[in-house]
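Each chain, letter by letter, is given below.
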Amino acid sequence: MKILVCISKVPDTTAKISFTEGGKNFNTEGVQFIMNPYDEWYALVRALELKEAHGGSVTVVNVGPAGNDSIIRKALAIGADNAIRVNVEASSSMFVAKQIAAVAGEYDIVFTGKETINYNSSEIGAMIAEFLEVPFISYTIHMEMNGNMATLTREIEGGHEVVEVQTPFVLSAAKGLAEQRIPNMRGIMMAKRKPLKVVEAVDFQDAAVPVKYDLPDEKGGTKYIDADNMKELVRLLHEEAKVI
Amino acid sequence: MCESATINKIQKKMVLVFAEHQKGAFKKAAFETVTYAAKTAQLLGTECAALVLGNAEEAGQLGKYGATKVYQIKDINLEQFDSQVYTASISAAAQELGAKVVVLSHSSTGKSLVGRLAVRLNAGSVAGANALPTVEGDQFTVAKGVFSGKAIATYAVSSEVKVLSLMGNSIPVEEIGSAVGVESLSTAVPAPKVKVKEVKRAEGVTPLPEAELVVSAGRGMKGPENWGIIEDLAESLGATTACSRPVADTGWRPHHEHVGQTGVAIRPNLYVAAGISGAIQHLAGVNSSKTIVVINKDPEAPFFKAADYGVVGDLFEVVPKLTEAVKEFKAS
Ligand SMILES: Cc1cc2nc3c(=O)[nH]c(=O)nc-3n(C[C@H](O)[C@H](O)[C@H](O)COP(=O)(O)OP(=O)(O)OC[C@H]3O[C@@H](n4cnc5c(N)ncnc54)[C@H](O)[C@@H]3O)c2cc1C
Ligand SMILES: Nc1ncnc2c1ncn2[C@@H]1O[C@H](COP(=O)(O)O)[C@@H](O)[C@H]1O
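Scope of this entry: the structure provided in the associated data block. Quick caveat, the model's predicted, so the values are computed rather than measured. (Residues numbered from 1 in each chain as written. Chains lettered and ligands numbered in written order. Predicted model: local features only at pLDDT ≥ 70, side-chain atom pairs only at ≥ 80, totals over all residues. Heavy atoms only, no water.)

Quick word on the overall build of chain A
Phase 1: A tally of regular secondary structure across chain A gives six helices and 15 strands.
Phase 2: Based on the C-alpha atoms only, the size of chain A along its principal axes is roughly 65 × 45 × 40 Å.
Phase 3: Among the 244 residues that make up chain A, the fraction classed as buried is 53%.
Phase 4: In the structure as shown, chain A presents an accessible area of about 10700 Å², 49% of it carried by carbon and sulfur atoms.
Phase 5: Averaging the locations of the 25 positively and 33 negatively charged side chains of chain A gives two centres separated by 5 Å. (Helix = DSSP H or I, 4+ residues; strand = E, 2+ residues; numbered from the N terminus. Buried < 20%, exposed > 50% of the residue type's maximum accessible area, 1.4 Å probe, protein only. Areas by Shrake-Rupley, 256 points an atom, 1.4 Å probe, with all protein chains shown as cover. Lys, Arg positive; Asp, Glu negative; His and termini not counted. Charge placed at Lys NZ, Arg CZ, Asp CG, Glu CD.)

Written out as structure tokens, the structure is:
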């Protein structure tokens, strides 16, 4: 079984979010970048578990410039066998999906994370699946393989759904699919020697791109209510906030 | 392909909205999405048609929210959800009707479709839009939340066809029309490759992503045996319960209650947080809530900075008092 895991590079969860040039660009100063948690903790780890149980290989792919090699090496240290980097700025969701689809044809399963924690779009996985014309299973929280048949549990509003599908397919990984793995010293050493193939991008025209960022309006300040006066809180929720 | 000739009468360049239902029942998210699509159509000076897949008796009611036509495709292959089958059906309808904008809900179904449809229709997409588009000639600009609610991005969509999915609770539902007749489309529906074996939904409670009122608690609760006061408060308000991540991780509460960056992201009208410190990863999933109430015994708890209303005190005393006050209010 050949598995491809899509990994993206995102600002750390505690990063201070600010923008430069009047909201045109994300301010990277002082920001730590990490592998997108859904990609690292759930997608990559479940892919590795499947390889350990059934054989095959795990390749990670990232669309981005050379600066992204740090997260690629981390994925290799956690246990991926090899990596592909498509050497181009990730300018839009569909552009990224197109690049991934261009290298994904030979894989049985393509893993994505449920969303990136910077763009929160949750759309790239479905786009890859449509380019490849294969099924897509979103928000997967459990997955077993039996030959080329997969049984997956996906989150839906207020519950879950169990589905069966044959390879090839694309899925997006959510919490529950696996447990985070910390790379060990041996993994980190070995990662340095694992193959990282850099490929050039295929042509594709962006149709939807972010052009401006704003910070949400500041809250008007916190109103404190005496712990013995919950009647007042209820009144405010009703009359002022109008939420009950 | 279509059984009826009236399609010719509908304006080209229309807005098509895919209205989701659960076993024939439409929910608030569908009404919001139809309202959004109808208002988008107004901005463009065109009509809004709703598309319903599978059996749903009440489809004509979508007219109330501004759809001037409702189309329906009924087929055995639409009884269960497969993103490929739904994409084929929605895109076939969009092409047949000459839709220039396709609108979906940013639900679990919508998230499985928005990207697929965009590729299929050669369209630019905005997944999780939170406001109406601004129309500038053939281009749209559309806002959506990014960085887990810590910022808003404006996207420019330049393609001829545009696909938008609407984040829940972003715009109010409005009754701006009246019920209309439903027309069948006889689009060919492909066979699914995904087989649904089992669907499980918690009965009776509103699922977190749809809940308008949420009562949430964290490690300050000390243990799972104390959750009765949280459930009582939730019940008095008609709210859904949620929790912080360590609470779900230690098994005090079920995982589906976990909100935050790595859990469910929610934007209810009211979020009450008791015994939660307000770590940045927790806030990432809840800071789009309209009104936030924080109950914490530590006046320095970071959550107070994000709160509209703060109560400094012991939750074991404050929460039952709040429940009493809510009950009194409801009774009056
Ligand atoms: C990558 C990453 C992702 C994460 N994702 C999430 C996420 O999605 N969701 C999430 O919640 N966390 C997440 N976390 C964890 C997060 O950083 C915090 O550790 C967590 O939110 C803390 O949970 P808590 O507020 O319940 O507990 P604590 O931080 O321990 O806070 C308990 C609070 O209860 C108060 N308290 C105690 N007793 C009482 C009392 N009797 N009355 C009133 N108040 C009382 C205390 O003053 C304190 O403020 C993530 C962390 C990382 C690193
Ligand atoms: N630049 C990228 N390179 C590789 N994979 C990516 C990239 N950006 C996003 N992805 C994958 O697509 C998923 C969903 O992203 P999104 O649609 O932006 O929420 C992520 O969890 C990753 O698995």
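Digging into the site of ligand 2
Residues and elements named next belong to chain A.
Phase 1: Close to ligand 2 lie 19 residues, the nearest being Cys6, Asp39, Val63, Ser122 and Glu123.
Phase 2: For ligand 2, an oxygen atom lies 2.9 Å from a polar atom in the backbone of Gly113.
Phase 3: Here Ser121 contributes a backbone N or O atom positioned 3.2 Å from an oxygen atom of ligand 2.
Phase 4: Contact with the protein chains removes 96% of the 500 Å² of surface that ligand 2 exposes when unbound.
Phase 5: Those elements that place two or more of their residues in the shell around ligand 2 are strand 6 (57-63), helix 3 (93-104) and strand 8 (109-113). (Near = heavy atom within 4 Å. Polar contact = N/O pair within 3.5 Å; in protein donor to acceptor, adjacent residues only side chain to side chain.)

Some details on the sheet that holds strand 18 (residues 309-312) of chain B
Phase 1: Taken together, the six strands give an open sheet; going across it, the order is 15(A)-18(B)-17(B)-16(B)-14(B)-15(B), and neighbouring strands pair in parallel fashion. Edge positions in the sheet fall to strand 15 (223-224) of chain A together with strand 15 (240-243) of chain B, since each of these pairs with one other strand and no more.
Phase 2: Against the sheet, helix 6 (residues 230-239) of chain A engages strand 15 of chain A together with strand 16 (270-274), strand 17 (291-296) and strand 18 of chain B, with an angle of about 170 degrees to strand 18 of chain B.
Phase 3: Strands in contact with helix 4 (residues 228-237) of chain B are strand 14 (213-217), strand 15 and strand 16 of chain B; relative to strand 14 of chain B, the strand with the most contacts, it is inclined by about 175 degrees. (Pairing = 2+ DSSP bridges. Contact = heavy atoms within 4.5 Å. Axes fitted to C-alpha atoms, helices over the stretch in contact; angles between N-to-C directions.)

Regarding the environment of Leu233 of chain B
All names here are of chain B.
Phase 1: Relative to the helices and strands, Leu233 is located in helix 4.
Phase 2: Overall, Leu233 belongs to the buried group, its relative accessible area being 0%.
Phase 3: Among residues more than four places away in sequence, those in contact with Leu233 are Val215, Val272, Val319, Leu322, Thr323 and Val326.

As for the nonpolar core
Phase 1: Core analysis: the biggest nonpolar cluster contains 55 residues, and Leu16, Leu51 and Val163 of chain B have the highest contact counts within it.
Phase 2: Examining the composition of this core, we find that seven residues originate from one element, helix 3 of chain A, more than from any other.
Phase 3: The residues contacting Leu16 of chain B, other than those within four sequence positions of it, are Ala49, Ala50, Leu51, Ile90, Ala93, Ala94, Leu97, Ala99, Val101, Val102 and Val103 of chain B.
Phase 4: Membership of the second largest hydrophobic core comes to 42 residues, among which are Tyr213 of chain A together with Tyr65, Val101 and Val103 of chain B. (Core = buried A, V, L, I, M, F, W, Y, C linked by side-chain atoms within 4.5 Å.)

A word on the interface of chain A and chain B
Phase 1: If you look at the interface, chain A gives 73 residues, while chain B gives 83 residues.
Phase 2: Summed over both sides, the interface between chain A and chain B buries roughly 6700 Å², with carbon and sulfur atoms accounting for 57% of that surface.
Phase 3: Interface area lost by chain A to chain B is led by Glu130, Glu157 and Lys219 of chain A, which between them contribute 11%.
Phase 4: At the boundary of chain A with chain B, the tally comes to six salt bridges. (Buried area = accessible area lost by both parts, 1.4 Å probe. Salt bridge = Lys/Arg side-chain N within 4 Å of Asp/Glu carboxyl O.)

A word on a nonpolar patch on the surface
All names here are of chain A.
Phase 1: A cluster of nonpolar side chains, namely Met185, Ile188 and Met189, defines an oily patch on the protein surface of about 290 Å² accessible area.
Phase 2: Relative to the helices and strands, Met185 is located in helix 5 (residues 185-191).
Phase 3: In this structure Met185 comes out as exposed when scored by relative accessible area, which is 59%. (Patch = residues over 30% accessible without salt bridge, like charges linked within 9 Å, V, L, I, M, F, W, Y side chains within 5 Å.)

Looking at the site of ligand 1
Phase 1: Neighbouring ligand 1 are 28 residues, the closest being Ser244, Thr262, Ser277, Gln281 and Asn296 of chain B.
Phase 2: Taken together, the residues near ligand 1 originate from chains A and B.
Phase 3: Note that a nitrogen atom of ligand 1 is positioned 2.9 Å from one of the side-chain N or O atoms of Lys222 of chain B.
Phase 4: Contacts to ligand 1 include Thr262 of chain B, whose side-chain N or O atom sits 2.7 Å from a nitrogen atom.
Phase 5: If ligand 1 stood free it would expose 990 Å²; the protein chains cover 80% of that surface.
Phase 6: Taken together, the elements giving at least two residues each to the shell around ligand 1 come down to helix 5 (245-249), helix 6 (280-286) and helix 7 (315-331) of chain B.

Notes on helix 1 (residues 37-54) of chain A
Residue and element names in this part refer to chain A.
Phase 1: Taking 1.5 Å per residue as the helical rise, helix 1 with its 18 residues ought to reach 26 Å, and the 25 Å between its terminal C-alpha atoms agrees with that figure.
Phase 2: Along its length, helix 1 reaches its greatest deviation from straightness, about 25 degrees, at Leu44.
Phase 3: Trailing helix 1 by a residue or two, Gly55 shows a phi angle of about 85 degrees, which is positive. (Expected span 1.5 Å × (residues − 1). Bend = angle between axes of the 7 residues up to and from the residue.)

Comments concerning the pattern of salt bridges
Phase 1: Enumeration over the complete set of coordinates arrives at 27 salt bridges over all chains.
Phase 2: With a shortest N-O distance of 3.0 Å, Glu52 of chain A and Arg181 of chain A are connected by a salt bridge. Taken together, the residues span a long stretch of sequence, with Glu52 of chain A in helix 1 and Arg181 of chain A in the loop between strand 12 (169-173) and helix 5 at a distance of 129 residues.
Phase 3: Residue Arg181 of chain A is classed as partly exposed on the basis of its relative accessible area, which comes to 26%.
Phase 4: Between Lys231 of chain A and Glu328 of chain B there is a salt bridge, with the nearest N and O atoms lying 3.2 Å from each other. Of this pair, Lys231 of chain A sits in helix 6 while Glu328 of chain B sits in helix 7, each in a different chain.
Phase 5: On the basis of relative accessibility, which here comes to 55%, the residue Lys231 of chain A falls in the exposed class.

Describing helix 6 of chain A
Phase 1: Within helix 6 of chain A the residues assigned to the buried category are Met230, Leu233, Val234, Leu236 and Leu237 of chain A. Along helix 6 of chain A, the residues classed as buried sweep out an arc of 160 degrees about the axis, all on the same side.
Phase 2: Those residues of helix 6 of chain A that are buried are in contact with strand 15 of chain A together with strand 16, strand 17, strand 18 and helix 7 of chain B. (Arc of directions from axis to C-beta.)

Brief notes about the packing of helix 1 of chain A against helix 2 (residues 69-78) of chain A
Residue and element names in this part refer to chain A.
Phase 1: Closest axis-to-axis distance for the helix 1/helix 2 pair is 10 Å, and the angle between their directions is 40 degrees. By the angle between their axes, helix 1 is oblique relative to helix 2. The two elements helix 1 and helix 2 meet at a crossing, and its hand is right-handed. Where helix 1 approaches helix 2, its residues Glu40, Leu44 and Leu48 are matched on the opposing element by Lys74, Ala75 and Ile78. (Parallel < 35°, antiparallel > 145°, perpendicular 65-115°, else oblique. Left-handed = near helix turned anticlockwise from the far one by under 90°.)

Considering unusual backbone geometry
Working note: non-glycine residues mostly have negative phi, and peptide bonds are mostly trans.
Residue and element names in this part refer to chain A.
Phase 1: Across the junction of Thr167 and Pro168, the peptide omega takes the value 0 degrees, indicating a cis bond.
Phase 2: When you line up the elements, Pro168 lands in the loop between strand 11 (159-166) and strand 12.
Phase 3: Even without being glycine, Glu21 reaches a positive phi, approximately 50 degrees.
Phase 4: Here Glu21 is to be found in the loop between strand 3 (19-20) and strand 4 (25-26).
Phase 5: Its relative accessible area of 58% is what places Glu21 among the exposed residues.
Phase 6: With a phi angle near 55 degrees, Lys242 is a residue other than glycine that sits in the positive phi range.
Phase 7: In this structure, Lys242 sits in the segment after helix 6.
Phase 8: Of the residues examined, Lys242 reaches a relative accessible area of 65% and is grouped as exposed.

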